[in-house]
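Residue-level structural notes
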Amino acid sequence: MKIFLYYVGKPKNAHANAMAEDYVKRITHFARCEMREITPRRFDPHEKHPTAQRILLDPAGKVLPSGHVARLLEAAEMEGRDLVFVIGGTDGLPEEWKPRASLLLSLSAMTFPHELARVMLSEQIYRAFTILRGHPYPR
């Protein structure tokens, strides 16, 4: 299993970037993980990762507790299936991507800058792995 964290928009805040990169580095203790910027008109996660579980972050998506995110990762590990997470930019994500997503996920009812959303998402993925491995981090 490999985890892909894609985001739309240039990362400008050095502090947020460092935090997101730190969590991605932590995730790599459990699974291969890659984070990078995409441009929707040049990149389609459904074409790039046709067999992966594609999770799009969307304000109208489901809000899942950390334990449910852990179960999502556990299932992907057992199936040997890649996970693709996509965070939209200022205008969100292309509407045509949403029906093809495996899951629309919301981090909160509040709106966050995509840079902060990357930190929050990568932390939740790290937290999910630590839950699954019985690590003391989530306590």
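One can find the structure itself at the top, above this paragraph.
The notes below deal with the structure included here.

Each value, and the rule that gives it
- Residues numbered from 1 in each chain as written.
- Predicted model: local features only at pLDDT ≥ 70, side-chain atom pairs only at ≥ 80, totals over all residues.
- Heavy atoms only, no water.
- 1 Å grid on protein atoms, 1.4 Å probe; cavity = no way out; pocket = protein on both sides within 12 Å on 5 of 7 lines; lining within 4 Å.
- Points joined across faces, edges and corners; volume = space filled by probe spheres on them.
- Helix = DSSP H or I, 4+ residues; strand = E, 2+ residues; numbered from the N terminus.
- Nonpolar A, V, L, I, M, F, W, Y, C, P; charged D, E, K, R; others polar.
- Salt bridge = Lys/Arg side-chain N within 4 Å of Asp/Glu carboxyl O.
- Buried < 20%, exposed > 50% of the residue type's maximum accessible area, 1.4 Å probe, protein only.
- Polar contact = N/O pair within 3.5 Å; in protein donor to acceptor, adjacent residues only side chain to side chain.
- Contact = heavy atoms within 4.5 Å.
- Pairing = 2+ DSSP bridges.
- Axes fitted to C-alpha atoms, helices over the stretch in contact; angles between N-to-C directions.
- Phe/Tyr/Trp six-rings, centres within 6.5 Å; stacked < 30°, edge-to-face > 60°.
- Lys NZ or Arg CZ within 6 Å of the ring centre and 35° of its normal.

**Examining the layout of surface pockets**
Here the largest pocket is characterised by a volume of approximately 440 Å³. Considering the residues around the largest pocket, the lining is formed by 21 residues, among which Leu57, Pro59, Gly88, Thr111 and Phe112 are closest to the centre. Per-element accounting of the lining of the largest pocket gives the leading share, 3 residues, to strand β3 (residues 53-62). Residue classes in the lining of the largest pocket are distributed as 11 nonpolar, 8 polar and 2 charged.

**Description of the pattern of salt bridges**
The full count for this structure, using the stated rule, is 10 salt bridges. Residues Lys10 and Glu37 are paired through a salt bridge, measuring 3.4 Å at the closest nitrogen-oxygen approach. Of this pair, Lys10 sits in the loop between β1 (2-8) and α1 (14-27) while Glu37 sits in strand β2 (residues 32-38), and the two are 27 residues apart along the sequence. We classify Glu37 as partly exposed; its relative accessible area is 26%. Here Arg36 makes a salt bridge to Glu34, at a shortest N to O gap of 3.4 Å. Overlapping salt bridges bring together Lys2, Glu34 and Arg36 as one network.

**Thoughts on the side chain of Lys2**
Locating Lys2 in the fold gives a position in strand β1. Since its relative accessible area comes to 18%, Lys2 is described here as buried. Within polar-contact distance, the side chain of Lys2 engages the side chain of Glu34 at 3.3 Å. Once residues within four sequence positions are removed from consideration, Lys2 is found in contact with Arg32, Glu34, Asp82 and Leu83.

**Structural notes on the sheet that holds β1**
Strand order in the open sheet made by the 5 strands is β2-β1-β4-β3-β5, with parallel pairing throughout. On the outer flanks of this sheet lie β2 and β5 (103-105), each paired with one strand and no other. Shown here is a sheet whose adjacent strand axes are inclined to one another by a mean of 30 degrees, direction ignored. Those strands touched by α1 are β1 and β2, and its axis lies near 150 degrees from that of β2. The strands that helix α3 (residues 66-79) touches are β1, β3, β4 (83-87) and β5; relative to β4, the one it contacts most, it runs at about 140 degrees.

**A word on the packing of aromatic side chains**
Summed over all chains, the structure comprises 6 aromatic pairs. Where Tyr23 meets Tyr126, the ring centres are 6.2 Å apart and the plane angle is 45 degrees; that geometry is what we call tilted. Remark: Tyr126 occurs in helix α4 (residues 114-133) and Tyr23 occurs in helix α1; sequence separation between them is 103 residues. Accessibility classification places Tyr23 together with Tyr126 in one group, the buried group. With 6.0 Å between their ring centres and 45 degrees between their planes, Phe30 and Tyr126 make a pair best called tilted. Separated by 96 residues along the polypeptide, Phe30 in the loop between α1 and β2 and Tyr126 in helix α4 bring together distant segments of the chain. Judged by relative accessible area, which is 23%, Phe30 ranks as partly exposed. A relative accessible area of 7% means that Tyr126 is categorised as buried. In this structure an aromatic cluster arises from ring pairing among Tyr23, Phe30, Tyr126, Phe129 and Tyr137. Over the aromatic face of Tyr126 sits the side chain of Arg26, whose NZ or CZ is 5.3 Å from the ring centroid. The aromatic ring of Tyr7 is capped on one face by Arg118, whose charged end is 4.3 Å from the ring centroid.

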